[in-house]
Amino acid sequence: MNNILEVKNLSTSFFTHAGEIKAVRDISFNVGAGEAIGIVGESGSGKSVTALSIMNLLPYPGRIIRGSVCFAGTELTNLKERKMQLVRGNEMGMIFQDPMTSLNPVYTVGNQIMEPLIRHQKLNRGEARNKAIEMLSLVGIPGPENRLNLYPHEFSGGMRQRVMIAMALCCKPKLLIADEPTTALDVTIQAQIIELLKDLEVNINTSIILITHDLGVVAELCNRVIVMYAGSVAEKGTTRDVFYNPRHPYTWGLLKSIPNANAEQKERLIPIDGQPPDLMHTPAGCPFCPRCAYAMQICAEDQPPLYRLGEQHRAACWLLHPSAPRVERGR
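Residues numbered from 1 in each chain as written. Predicted model: local features only at pLDDT ≥ 70, side-chain atom pairs only at ≥ 80, totals over all residues. Heavy atoms only, no water.

Draft legend 1. Geometry of the overall build of the chain. If you tally the helices and strands in the chain, you get twelve helices and twelve strands. Its C-alpha radius of gyration of 21 Å places the chain within 12% of the 20 Å reference for a compact globule of 331 residues. Referenced to the eigenvectors of the C-alpha coordinate spread, the extents of the chain come out at roughly 70 × 50 × 40 Å. Counting only residues that meet the buried cut, the chain has 48% of its 331 residues in that class. For the chain, restricting intrachain contacts to residue pairs at least 6 apart in sequence, the fraction spanning at least 24 positions comes to 62%. Counting every atom, the chain has about 16,500 Å² of accessible surface; 50% of that belongs to carbon and sulfur. In the chain, which carries 34 positive and 32 negative side-chain charges, the distance between the mean positions of the two groups comes to 4 Å. (Helix = DSSP H or I, 4+ residues; strand = E, 2+ residues; numbered from the N terminus. Rg over C-alpha atoms; globule rule 2.2 N^0.38 Å. Buried < 20%, exposed > 50% of the residue type's maximum accessible area, 1.4 Å probe, protein only. Contact = heavy atoms within 4.5 Å. Areas by Shrake-Rupley, 256 points an atom, 1.4 Å probe, with all protein chains shown as cover. Lys, Arg positive; Asp, Glu negative; His and termini not counted. Charge placed at Lys NZ, Arg CZ, Asp CG, Glu CD.)

Draft legend 2. A look at the environment of Val 40. With respect to the secondary-structure elements, Val 40 resides in strand S3 (residues 36-40). Val 40 sits in the buried class, given a relative accessible area of 3%. Measuring from C-alpha to C-alpha, the distance between Val 40 and Leu 138 comes to 27 Å, with 98 residues separating the pair along the chain. Dropping the residues within four chain positions of it, Val 40 is found in contact with Lys 47, Thr 212, Leu 215, Val 218, Val 225, Ile 226, Val 227 and Met 228.

Draft legend 3. Spatial organisation of the packing of aromatic side chains. Counting across every chain of the model gives five aromatic pairs. Judged by centre distance (6.4 Å) and plane angle (70°), the rings of Tyr 307 and Trp 318 are edge-to-face. Of this pair, Tyr 307 sits in strand S11 (residues 307-308) while Trp 318 sits in the segment after strand S12 (314-315), placing them eleven residues apart in sequence. The residues Tyr 307 and Trp 318 share a single accessibility class, namely buried. Every member of this aromatic cluster is reached through a ring pair, and the members are Tyr 229, Tyr 250 and Phe 288. Positioned above the aromatic ring of Phe 15, the side-chain terminus of Arg 63 is 4.2 Å from the ring centre. Residue placement shows Arg 240 over the ring face of Tyr 244; its charged tip is 5.1 Å from the ring centre. (Phe/Tyr/Trp six-rings, centres within 6.5 Å; stacked < 30°, edge-to-face > 60°. Lys NZ or Arg CZ within 6 Å of the ring centre and 35° of its normal.)

Keep in mind these numbers describe shape, not what the thing actually does.
What follows is the structure, given as structure tokens:
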């Protein structure tokens, strides 16, 4: 499978008056053409910052410190903004996490969907309007002909999210980055959006990076999973690897916090004790060490490498060292 995106040793920081916040630390992954991968982890783990780094949309005072982001053979980290604008919205689309702040309040939703179609696809206004109506209908907005002339404040939160999805998909991008795309949507619409993303992946070979807290959505849509913690990769592999043979204690904790719909009796969800580390003062060793029930002395002193566990399966945990004690998942 040819890779549409290759991210190598990416590190992103925010330079504040209080100090440097190391939001993303030395992560590497690739996305194949027509492949869907999921990036999961707690809030603050670096998922959204990774997406914004790829899109060259980091807010001030954030910037990429090192690493490479290569999209369809083009290095994006040093691309001029004018050229990057030709990539965004046309070849790369993004569904932003918060539709409240991502839509311009002074333009109708129709104008905001039509803009990339006119700019990138060179459609005239009539053609762009028809396409915008088609996209609004596609994402489940009733009466799209009338809704086209409304402003964002006239939509509910769920409707605004669907407008954002329509904007991201209108130019049929090669790569779609979806940051919590089903947030604020009811279960029925969530299922419709997941099916829409599946159709894009299959029918027009769109690659997808799905950023989410919902591991169920990842299991349904994604080929591979990246588990992030404190700005770095804790574990990555195929969906089957990570869900059925997880090897990092943090991944164990995430999976134990999922409700089991098939359980014969009610089961208490098991939270992960403690809090994520301060990214302004990252620990010398494993960032998960203070919260890990299996932590050893070396965990507090040295960052573990990504151990190779299979063809694509990797995990950064000292328990995988040949000399480490054997532990069973969930004990």
